Amino acid sequence: MREIAVPVTAIDRVTEIRWINSNPVTVHFGRTTPFGDSIMFMPKARMFPMLSSHPVLAELERAAAQGRGGCVQ
């Protein structure tokens, strides 16, 4: 197992695949990291996953915007 730290400012965008039951989330970076241009993970399960985006998407996007000094929605 390997672990690295990547600043939230490196996040370019966050996407998910809602039609797959586990809702895999992909974090796309604006630059290459030791793990590549993106990482995919399975967020914590929740009820009725296909009805809306997983809350972790908004959380990651908000953290990235704050880190870049951008607008937080």
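Worth saying up front: this structure is predicted, and the values here are computed from it rather than measured.

Where do I start with the pattern of salt bridges in this structure?
Taken as a whole, this structure holds 1 salt bridge when the rule is applied. A salt bridge links Arg-13 to Asp-12, with the shortest nitrogen-to-oxygen separation between them at 3.7 Å. Of the residues examined, Arg-13 reaches a relative accessible area of 44% and is grouped as partly exposed.

When you look at the packing of aromatic side chains in this model, what are you seeing that I'm missing?
Geometrically, a pair of aromatic rings is defined through the distance of the ring centres and the angle of the planes. Tallied over the full model, the rule gives 0 aromatic pairs. The lysine or arginine in question, Arg-2, covers the ring of Phe-35, its NZ or CZ lying 5.3 Å from the ring centre.

Please clarify how helix H1 (residues 55-67) should be interpreted in this entry.
Count 3.6 residues to each turn of an α-helix, and residues three or four apart come out pointing the same way. If you check H1, its first and last C-alpha atoms are 19 Å apart, about what 13 residues at 1.5 Å a residue would give, namely 18 Å. Within H1, burial applies to Val-56, Leu-57, Ala-64 and Ala-65. Buried residues of H1, seen end-on, are gathered within an arc of 170° and therefore sit on one face of the element. The exposed residues of H1 that point more than 90 degrees off its buried face are Pro-55, Glu-59 and Gln-66. Looking at the buried residues of H1, the elements they touch are strand E1 (11-16), strand E2 (25-33) and strand E3 (36-41).

Parameters and conventions
- Every chain is numbered on its own, with residues counted from 1 as its sequence reads.
- The predicted origin of the model limits local features to residues at a pLDDT of at least 70 and limits the giving and counting of side-chain atom pairs to 80 or more, whereas totals for whole chains, interfaces and linings rest on all residues.
- Values reported for side chains reflect all heavy atoms of the structure, with hydrogen atoms and water molecules removed beforehand.
- By salt bridge we mean one thing: a side-chain nitrogen of Lys or Arg within 4 Å of a carboxyl oxygen of Asp or Glu.
- Each residue is assigned to one of three classes by its accessible area relative to the maximum for its type, calculated with a 1.4 Å probe on protein chains only: buried under 20%, partly exposed between the two thresholds, exposed over 50%.
- Any two of the Phe, Tyr and Trp rings considered here, Trp counted by its six-membered ring, make a pair once their centres fall within 6.5 Å; the pair's planes then place it as stacked at under 30 degrees, edge-to-face at over 60, or tilted in between.
- Working rule: Lys NZ or Arg CZ, within 6 Å of ring centre, within 35 degrees of ring normal, means a charge sits over the ring.
- Only runs of H or I of at least four residues qualify as helices and only runs of E of at least two qualify as strands under DSSP, and these elements are numbered from the N terminus.
- Expected helix span is given by 1.5 Å per residue-to-residue step, counting one fewer step than there are residues.
- Directions pointing from the helix axis toward each C-beta atom define the arc.
- Note on contacts: a residue pair qualifies if any of its non-hydrogen atoms lie within 4.5 Å across the two residues.

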